[in-house]
Amino acid sequence: MSQPPHPWWKSATVYQIYPSSFLDANGDGTGDLAGIIAKLDYLKDLGVDVLWLSPIYRSPLADMGYDISDYEDIDSRYGTLEDWDRLLEGAHARGMKLMMDLVVNHTSDEHAWFTASKTSKNDPKRDWYIWRPGKVVDGEELPPNNWKSVFQGSAWERDSATGEYYLHLYVPKQPDLNWDNPVVRSAVWDVMRFWVRRGCDGFRMDVINCISKTDGLPDAPLADHTQYYQPASMYFANGPQVHKYIKQMHAEVLSHHDLITVGETPFTHESSELAAYVLPQNRELNMVFHFELMDIDSPPESPLLSKPWTLRELKAIIGRWQRFMRDDGFWNAVFIENHDHARSVSRFGNDSAQWRAVSAKMLAIFQITQTGTLYVYQGQELGLKNFPRTWEIEEYKDVASQNYWNLIKEQRQQAQGKEDVEMSDLLDSFAQKARDHARTPMQWNASPHGGFTTGTPWMRVNDDYREWNAEQQIGDEASVHAFWKRALKVRKAHDTLIYGDFVMLLETHEQVFAYTRNYGSTSALVLLNFKEGKVEVDLGEVIGGVAGYTFVLGNYENKAIGLGEKVTLKDYEGRVYVREALLN
């Protein structure tokens, strides 16, 4: 019996665009839709199938557009609905699709729904949001519970008009919608239908696992003794009704169209919880972004701090998810960078002058040889790196960076009883981990501001743009860009890299990540040296031996490198070999 064809989105390469920082066509310092349209040929040439736009809806930009004041309009900074239509037409004409960022756990406090909701306790939209009276403890009024906002401080804001508090898991300008209200859910389905009717091909769903909160909104347990407000994700992530609501979304909207869907599911490493969103029989989403790999170098206190990680830890995470519930239809979203994380070459590779290009290419091999839909973040295809440690806190624009900095500074000032406190250790951490590193403008060429804008950029361009940019790489066969282009073609040419099983080799090796992928009669062998320094490995444990493997991709030279049982890998070297089964 022949296999049914795979859905198109499984083999797709999705390119995430952070519009503010992609390309500014009108010189106002902020990237825009016209800038994206101008680069459609660049994206098509790279090998991109789907463009995912971070939010471009009307927004006061309290959290870079993840605070939406009108879901059915484009923010004037980025352009107009007609510009969006032109972008869609240009993408479709080139055989690419366009997916939107759906941010419906919360709105902006400037959205018409919320401005109505806060006017009075009797307003018809009052219960579109989560309002509660405060509680009095020892004669003092406190918020309804001790939940901490993801961006520090209380997750509640008191509104003077009615004297009640509204819930905001993120910043106060992002009030959470009350998904327990069926009218709210209907309004969300209408937003989705608006974009699908306009031609949108799918949605990335922001913090979609947070839409159902635990009944009664109980106090969170004491985990951080330095403050009253406590992390409360156990009461707002993967809540009691979340699957009911996403199944309803599927029945009402998603099942009627051939869309790509990916849900963002933070605060969750438990595989069975994540599977529930993805398994086809559940009729919810195609895949989720979970953050077990992204959390590998984060201590529990904050993702903005750094902790050491080992290759064995990384292998265990990748191995588990690559093999997870394959026969039941679980599908991965493969990513190592996005707008919420520092640059991968700086985190997982080596961004020194000597090893930056080589290790960025090795990480590209790591990505294109995993099962799942592949996501590439803007600038990743150029090997863009974190900005330097010399940048001061003023250059960090992200609300997460600024709020965490202020919290720690305040704690230290109180503890030490003085204004002027040492903060350089936090800047050391930010230089490694802040979300800001992903948000510096794209480096198109060596002209001022990297060719991103003719004006003053909303955020400083990384200092290395003169020698590290797209224009300089495009003509250079040895560049990171040329390598990504080649690597994406190799992935597309070999179904085993997309759909094959995953067999880990050398499981306990501290320097080399090696695995085979097998699909039908084809096998692939992947060898990755994650560290500086040559290393010899013995491939005696490869099933069926190493005979018959053909070299298809490597990050040192294009010419074929033979394969014996003993292999010496150079610093940060990566190789891919493919073998077709020998027919009798």
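The structure presented is a predicted model; accordingly, all values stated were derived computationally and were not measured. Each chain carries its own residue numbering, running from 1 in the written order of its sequence. The predicted nature of this model means local features are confined to residues of pLDDT at least 70 and side-chain atom pairs, given and counted, to a pLDDT of 80 or more, with totals for whole chains, interfaces and linings taken over all residues. Working from all heavy atoms in the structure, the side-chain values ignore hydrogens and water.

Below, the discussion takes up the sheet that holds strand β5 (residues 97-102). With respect to topology, 8 strands assemble into an open sheet ordered β13-β12-β11-β5-β2-β1-β15-β14, the strand pairing being parallel. Strands with a single pairing partner mark the edges of an open sheet, and in this sheet they are β13 (287-289) and β14 (333-334). Sheet topology places strand β11 (residues 202-205) next to strand β12 (residues 260-264); 4 bridges connect them, and they run parallel. When the sheet's bridge partners are listed, Phe203 is paired in β12 with Thr261. Contact criterion: two residues are considered in contact whenever any of their non-hydrogen atoms come within 4.5 Å of each other. Lines fitted to the C-alpha atoms define the axes, with helices restricted to the stretch that makes contact. Angles between their N-to-C directions range from 0 to 180 degrees. Runs of E in the DSSP output that reach at least two residues are strands. Runs of H or I that reach at least four are helices, and both are numbered from the N terminus. Sheet strands touched by helix α3 (residues 81-93): β2 (50-53) and β5. Its angle to β5, the strand with the most contacts, is close to 135 degrees. Only when DSSP finds a minimum of two bridges between them are two strands counted as paired.

In this section: the packing of helix α7 (residues 242-252) against helix α8 (residues 271-278). Where α7 meets α8, the closest approach of the two axes is 10 Å, and the angle between their N-to-C directions is 20 degrees. When the axes of α7 and α8 are compared, the pair comes out roughly parallel. Crossing of α7 over α8 shows right-handed handedness. Between α7 and α8, the residues in contact are Val242, His243 and Ile246 and Glu273, Ala276 and Tyr277, respectively. Three residue categories are used. Nonpolar comprises Ala, Val, Leu, Ile, Met, Phe, Trp, Tyr, Cys and Pro, charged comprises Asp, Glu, Lys and Arg, and polar comprises the others, including Gly. Grouping the constituent residues of the contact of α7 with α8 by class yields 4 nonpolar, 1 polar and 1 charged. Angular relationships are summarised with four words: roughly parallel below 35 degrees, roughly antiparallel beyond 145, roughly perpendicular across 65 to 115, and oblique for the angles in between. The sense of a crossing depends on the near helix, which, turned anticlockwise from the far helix by less than a right angle, makes the crossing left-handed and, turned clockwise, makes it right-handed.

In this scheme, a residue with accessible area under 20% of its type's maximum is buried, one over 50% is exposed, and one in between is partly exposed, where area comes from a 1.4 Å probe on protein chains only. Covered by surrounding structure in strand β21 (residues 566-569) are Val567 and Leu569 only, the residues Lys566 and Thr568 on the alternate face being uncovered. Alignment of strand β19 (residues 535-538) against β21, held across 4 bridges, turns out to be antiparallel. Considered in β21, the bridge of Val535 is made with Leu569.

UniProt positions are given in the numbering used here, feature names are shortened, and annotations may be inferred rather than shown by experiment. In this structure's numbering, the residues bearing the UniProt feature "domain: Glycosyl hydrolase family 13 catalytic" (unreviewed entry) are residues 16-439. Helix and strand shares over residues 16-439 are 31% and 12% respectively, and the end C-alpha atoms of the span are 12 Å apart.

Packing of α3 against helix α5 (residues 182-198) brings their axes to within 11 Å, and their N-to-C directions diverge by 55 degrees. Our classification of the angle between α3 and α5 gives oblique. Note on element contacts: α5 touches α3 through Phe194, Trp195 and Arg198, opposite Leu81, Glu82, Trp84, Asp85 and Leu88. Tallied by class, residues from the contact of α3 with α5 come to 5 nonpolar, no polar and 3 charged.

Here Leu61, not a glycine, exhibits a phi torsion of approximately 65 degrees, which is positive. In this structure, Leu61 sits in the loop between β3 (57-58) and β4 (70-74). Under the relative-accessibility criterion, Leu61 is labelled partly exposed at 22%. Phi angles above zero are rare outside glycine, and Met64 is one such case at about 50 degrees. Among the secondary structure elements, Met64 is positioned in the loop between β3 and β4. When its relative accessible area of 15% is taken as the criterion, Met64 is described as buried.

Right, let's talk about α7 for a bit. Considered for burial, the residues of α7 that qualify are Val242, Tyr245, Ile246, Met249 and His250. Taken around the axis of α7, the buried residues stretch over an arc of 145 degrees, which confines them to a single face. Lining the buried residues of α7 we find β5, α5, β11 and α8. Along the arc lie the directions from the helix axis toward the C-beta atoms.

This part covers the packing of aromatic side chains. Between the rings of Phe, Tyr and Trp (Trp by its six-membered ring), a pair exists once the centres lie within 6.5 Å; its type follows the angle of the planes, with under 30 degrees stacked, over 60 edge-to-face, and the other angles tilted. Within the structure shown, the criterion is met by 42 aromatic pairs. Here the aromatic rings of Trp179 and Trp189 are separated by 5.8 Å at their centres, their planes lie at 70 degrees, and the arrangement is edge-to-face. With Trp179 in the loop between β10 (165-167) and α5 and Trp189 in helix α5, this residue pair connects regions lying 10 residues apart in the sequence. The ring of Trp331 carries Lys10 above its face, with NZ or CZ at 4.5 Å from the centroid. A ring has a charge above it when a Lys NZ or an Arg CZ is no more than 6 Å from the ring centre and no more than 35 degrees off the ring normal. Arg356 extends its terminal NZ or CZ atom over the ring of Trp468, reaching a point 3.6 Å from the ring centre.

Nonpolar cores are built from buried Ala, Val, Leu, Ile, Met, Phe, Trp, Tyr and Cys residues. Side-chain atoms within 4.5 Å join them into one set. If you look at the biggest cluster of nonpolar residues, it comprises 134 residues, and the most contacted ones within it are Tyr15, Trp84 and Trp195. A per-element tally of this core places α5 first, with 9 residues. Residue contacts for Trp84: discarding those within four places in its chain leaves Leu33, Leu53, Ile56, Ile74, Leu98, Met100, Trp195, Arg198, Gly199 and Cys200. Phe151, Tyr165, Cys210 and Ala400 belong to the second-largest nonpolar core, a separate cluster that totals 19 residues.

We now examine the side chain of Asp73. Here Asp73 shows up in strand β4. For the purposes of these results, a polar contact is taken to be a pair of N or O atoms within 3.5 Å, where, inside protein, one atom must be able to donate a hydrogen and its partner to accept one; residues adjacent in sequence count only when each atom of the pair is a side-chain atom. At 2.5 Å, the side chain of Asp73 and the side chain of Arg58 are in polar contact. Ignoring any residue separated from it by four or fewer positions in sequence, one finds Asp73 in contact with Ile56, Tyr57, Arg58 and Leu81.

Turning our attention to the sheet that holds strand β20 (residues 550-554). Spatially, 5 strands are ordered β16-β17-β18-β22-β20 in an open sheet, and the strand pairing comes out antiparallel. Each having just a single partner strand, β16 (503-505) and β20 make up the two edges of the open sheet. Between one strand axis and the next, the sheet turns through 20 degrees on average, direction left out of account. Where β20 meets strand β22 (residues 574-580), 4 bridges bridge the pair, whose relative direction is antiparallel. When the bridges of β22 are listed, Phe551 appears paired with Tyr577. Each of β16 and β17 (512-519) is contacted by helix α9 (residues 311-323), which is oriented at about 10 degrees to β17, the strand it contacts most.

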